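# Topology and contacts: notes
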Protein chains: 2
Amino acid sequence: MSLKLPPSLMLIFYVVLSLCSIYAVSGYKDVDDPAIRTMEEFSGYPFDETHSNTQSLSVDAENLQKQIDELATFSDTPAPSVTRVLYTEKDVIARRYIKNIMGLAGLSVREDAVGNIFGRWEGYEPDLAPVASGSHIDAIPYSGKYDGVVGVLGAIEAINVLRRSGFKPKRSLEIIMFTSEEPTRFGISCLGSRLMAGSEMLLKALETTVDNQNISFIDAARSAGYAQEENDLRSVFLKKGSYAAFVELHIEQGPLLEEEGISVGIVTAIAAPASIKVDFKGGGGHAGAVLMPHRNDAGLAAAELALAVEKHVFDSGSIDTVGTVGILDLHPRAINSIPSKSHLEIDTRDIDEERRNKVIEKIHESAVSIAKKRGVRLAEFNIINQDPPALSDVSIIEAMKSASKELNLTHKLMISRAYHDSLFMARVSPMGMIFIPCFKGYSHRPEEFSLIEDISNGVKVLALTLAQLSLK
Amino acid sequence: MSLKLPPSLMLIFYVVLSLCSIYAVSGYKDVDDPAIRTMEEFSGYPFDETHSNTQSLSVDAENLQKQIDELATFSDTPAPSVTRVLYTEKDVIARRYIKNIMGLAGLSVREDAVGNIFGRWEGYEPDLAPVASGSHIDAIPYSGKYDGVVGVLGAIEAINVLRRSGFKPKRSLEIIMFTSEEPTRFGISCLGSRLMAGSEMLLKALETTVDNQNISFIDAARSAGYAQEENDLRSVFLKKGSYAAFVELHIEQGPLLEEEGISVGIVTAIAAPASIKVDFKGGGGHAGAVLMPHRNDAGLAAAELALAVEKHVFDSGSIDTVGTVGILDLHPRAINSIPSKSHLEIDTRDIDEERRNKVIEKIHESAVSIAKKRGVRLAEFNIINQDPPALSDVSIIEAMKSASKELNLTHKLMISRAYHDSLFMARVSPMGMIFIPCFKGYSHRPEEFSLIEDISNGVKVLALTLAQLSLK
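So, here's what we can say about the structure.

Cut-offs applied
Residues numbered from 1 in each chain as written. Chains lettered and ligands numbered in written order. Predicted model: local features only at pLDDT ≥ 70, side-chain atom pairs only at ≥ 80, totals over all residues. Heavy atoms only, no water. Helix = DSSP H or I, 4+ residues; strand = E, 2+ residues; numbered from the N terminus. Contact = heavy atoms within 4.5 Å. Areas by Shrake-Rupley, 256 points an atom, 1.4 Å probe, with all protein chains shown as cover. Expected span 1.5 Å × (residues − 1). Buried < 20%, exposed > 50% of the residue type's maximum accessible area, 1.4 Å probe, protein only. Arc of directions from axis to C-beta. Least-squares fit on C-alpha atoms with pLDDT ≥ 70 in both. Phe/Tyr/Trp six-rings, centres within 6.5 Å; stacked < 30°, edge-to-face > 60°. Lys NZ or Arg CZ within 6 Å of the ring centre and 35° of its normal.

For the rest of this paragraph, the subject is the overall build of chain A. Of regular secondary structure, chain A possesses 14 helices and 15 strands. Of the contacts formed within chain A by residues at least 6 apart in sequence, a portion of 77% connects residues at least 24 apart. Total accessible area on chain A is roughly 17,400 Å²; 54% of this is exposed by carbon and sulfur atoms.

Here it is as structure tokens:
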């Protein structure tokens, strides 16, 4: 390496090399280079023999695990499940917890009108667009404690790693906790990042959006201490270029990394999601008294449509196409009453937007023909969102690759089939994502799990990537 | 008619003839017989010109309609829908309302350990087994105000009719309001009458039964003021022969009487109901990340089974076989989560018990094969109840027929496809049922409706039937 580099750039090399130093034992090639100082030389931290190889000196794995476990206790359902819904009491407590940890990491904290939380580490060139990382901490009913959380607590820990390494950022670094990545309460996914990306459609929708208790989004936000002034939601919008880069750390939510024994997934594209709400209205009536030929059963129409969704997805012939009916409600929901109404919420995604939209068309055709056949009314077929896929930024992909290499971690390029706040941050900033392995690919269920060693690896790759990007 | 009859029997003829007297205008054959006294001569009530023919002098139709409308206001959902669930605040208020009306009708009121309410008019031979009539007032979510209610308020009004006619019962007459005919809260239909009929199985089940809020039946009953002493539920059991006869007045819940313009349906048999609870357990996971071939979707298994129920019912080839999936729940019920669990509640009925049981076998076979095919687990296939059909007592059928004839009302013999507390009262007493027309056969929905004229006709037929049976 050249010594003509500016001191700031030297620092990052120190970070790189010192983080790499623990791989000496596993024979990392440059380890005998006299120019390399070990982490303890660099940071003055004592080497802790109890730490395993993958539990890097620089990542305080124990503390990070402790934080993940503590955050999981802010839940509306019993452990091991986690349920943390937007603007509920548990969500508000969890937000306070995150702000405290940001504070402890020396970040200056601010929040916007919908509760996106920002923790800033001022760079020595504070006028440059900052580099950001973050994710979400809301959890769908009966899910797990790693989805999103790893990308918030892990990113804060990445800041700690860099601080301990003595690194000083040129561009400011910001950690973002996004509001409501999950659609649980208001049926809107990535609410915070979508609004930051300047969605006028969402801004309009939020004026009238209510939850299933008929509580308006605005009232819910206010009850949590946000959206205090009238019509200030537009203030959440970000200008394109507000950030020089955005990198999100996340569990894979799929089985590939674990199956292949690879440490890090580098995301090149995020699949394009769409969600649809469907309502059928039928005749209802008494389950004993109304004979079969006289029925217009809205529940059976819903059952048929659910199976049609699966069929059309398979018919697409592509492994990358998925479709799910996660919600199917019957009314009046009584064993001795023929369903007079049914409601479905359908999620479909693909890395190929056109192919996904074709599947949506087919689903609509089925809904129409099923309604006709059963003499029920297709009261609603509403495509709630139909987002385009997002591509990762090439220079960020390169930064993540080189970070993995420097850390001697195996990596693979992959597609994110789940979507994330990164999908929307890509509209205002160059974007990249780092995946880590998770147990059997389980996610959105209590069994969701990632080894702290894998999380720590992700944190290191993130730390290095942020360091590199902040110096650009 | 012979004057050698005992005075008590003479009275009943007075009742018959006086009730018939209003048909004079429509040319009832015996009207010119000098032996016949008109109702006003008999009861001293002034003839109300505003009353139509079918609004009998003796039935206070206005007051009865007022009571039906008042009772409907004790509901947990907005009018016109009615939701009145066992032992809820609204149910307890409604029970008080019924006890008051029984009191106003001069009945002596008592309740048993589960809240079956009895209003007794002592006969002049009080040691004879009484004759009873009654129904229920609980209402499934978002249903109507006539199902059951007509058989409770109508039966009390029948007592008023008999009192006003000067009639004195030989056997005591009892009006019964049965507890929880609907299975809404605890999944057990005809809970009160089933227990009165001495079901040991139910007695055992009630020790451990909980609602979906995990509130035990016992705690719920206590909160409503019942089941005060430990293990006193057995006290609800009735000995066979406790009643000389039981007659229930009810809306048809089917379209036949209205379509054919017939005033009264005389029930000869009640179809045999069965209900089944099914649980599937699958893999769950993230709706984006888990590819279709890796899924074990418990929701789609439920959808398939719902359609299989319909298929097997049609395959039975009988118009009298019905099957319904009124409840289909998904877990965790999130749009972006593959259902890891599903729960169905299936209702199937037939007038032919064997044919119905064959359908249940087929449904079970489908559940097993669907689970196998989809790699989900059939965690539960539980036949909650599988009751035999009940036949009406011949002498009661004859009494109802003659009452209809005496009142110059058209009638037809028919089967009850809905089941009723009568199905279980048939185990301890000779049983009969009187149906009245209802709008389009609508039931278990807000549009449920019966003309007060039709209700009044039913009350008169019931009054006359009870009078005849009480003299036997």
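On we go from here.
The next point concerns helix 4 (residues 89-104) of chain A. Residue and element names in this part refer to chain A. Here helix 4 spans 23 Å end to end across 16 residues, near enough to the 22 Å set by a 1.5 Å rise per residue. All of the buried residues along helix 4 are Asp 91, Ala 94, Arg 95, Tyr 97, Ile 98, Ile 101 and Met 102. Taken down its axis, helix 4 places every buried residue within 160° of arc, on the same side. Seen from the open side of helix 4, the exposed residues pointing more than 90 degrees away from its buried face are Glu 89 and Leu 104. Phi turns positive, to about 75°, at Gly 106, one or two residues after helix 4.

Take the relation of the copies chain B and chain A next. Relating one copy of the chain to the other requires a rotation about an axis plus a shift along that axis. Expressed as a screw operation, the relation of chain B to chain A combines 0.1 Å of axial shift with a rotation of 180°, fitting to an RMSD of 0.1 Å. Taken together, the rotation and translation relating the two chain copies correspond to the operation of a two-fold axis. Among all C-alpha atoms of chain B, that of B:Ala303 lies closest to the rotation axis, at 2.2 Å. Most of the interface of chain B is mirrored in chain A, where 100% of its interface residues again form contacts.

Tallied over the entire structure, the rule returns 16 aromatic pairs over all chains. Ring plane angle 75° and centroid distance 5.6 Å describe the contact between A:Phe178 and A:Phe246, whose orientation is recorded as edge-to-face. Of the two residues, A:Phe178 is situated in strand 6 (residues 173-178) and A:Phe246 in strand 7 (residues 245-251); the sequence distance between them amounts to 68 residues. Arranged with centres 5.4 Å apart and planes meeting at 75°, the rings of B:Phe186 and B:Phe217 form a pair that is edge-to-face. Residue B:Phe186 is found in the loop between strand 6 (173-178) and helix 6 (191-196), and its partner B:Phe217 is found in helix 8 (residues 217-223); the two are separated by 31 residues along the sequence. By relative accessible area, which is 7% here, B:Phe186 ends up buried. Here A:Arg445 stacks its cationic end above the ring of A:Tyr442, 3.7 Å away from the centre of that ring. We note B:Arg110 situated over the ring of B:Phe118; from NZ or CZ to the ring centre the distance is 4.3 Å.

Read these as geometric descriptors, not functional statements.
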